[in-house]
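# A look at the structure
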Amino acid sequence: MRMKPAPSINSPHEEERDTPLMAAKLPLFVAIALLQAIIFAGATEFIVGDETGWIVGKNYTKWAENKTFKVGDKLVFQYMAVQHDVFWVGEPEFNSCKTSPYIEHQTSGNDEFLLTTPGRRWYICGKSNHCTSGMKLAINAIE
Ligand SMILES: [Cu+2]
């Protein structure tokens, strides 16, 4: 009795088998894009200090007090450029009002900091004695 030859592994149908897999990748990509859109739709843009913006003489600890900052949210510092600036610093620099070392420095007057990771973040003004006068903001971003 003769056995039928087993179908070759390198059958001509090999290429056809890849096609459904490739097609399956597109809906996944679309699903991720949709998920990201939903996440960003829930993001909040905080104008630091609200209507007064980033100024000397505002208590930013109080401003941040009852706010919830989440990853994906954005902090926007609005001020007269030249008069102020924003240094994103570490906790020791925040406490001592030192601008070096810093993580990021912005000077546009409409500075945006996206909260990309959870955890605490510290921002200070680097102009003259503004930070020691209280022009500093500490927040905690949650997932
Ligand atoms: Cu300032």
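Above this text you will find the structure in question.
The paragraphs below set out a description of the structure included in this document. (Residues numbered from 1 in each chain as written. Predicted model: local features only at pLDDT ≥ 70, side-chain atom pairs only at ≥ 80, totals over all residues. Heavy atoms only, no water.)

### Considerations on the side chain of Glu93
- Structurally, the position occupied by Glu93 is in helix H3 (residues 91-96).
- Look past the residues within four positions of Glu93 in its chain and what remains in contact with it is Lys98, Ser100, Pro101 and Ile124. (Helix = DSSP H or I, 4+ residues; strand = E, 2+ residues; numbered from the N terminus. Contact = heavy atoms within 4.5 Å.)

### Thoughts on the state of the cysteines
- Enumeration according to the criterion identifies 1 disulfide in this entry.
- Each sulfur of the disulfide joining Cys97 and Cys131 lies 2.0 Å from the other. Given an S-S torsion of about -75°, the disulfide between Cys97 and Cys131 has left-handed geometry. With Cys97 in the loop between H3 and strand E5 (102-106) and Cys131 in the loop between strand E7 (119-124) and strand E8 (136-142), the pair connects residues that are 34 residues apart, well separated along the chain. Cys131 matches Cys97 in its accessibility class, with the two residues each being buried. (Disulfide = S-S within 2.5 Å. Buried < 20%, exposed > 50% of the residue type's maximum accessible area, 1.4 Å probe, protein only.)

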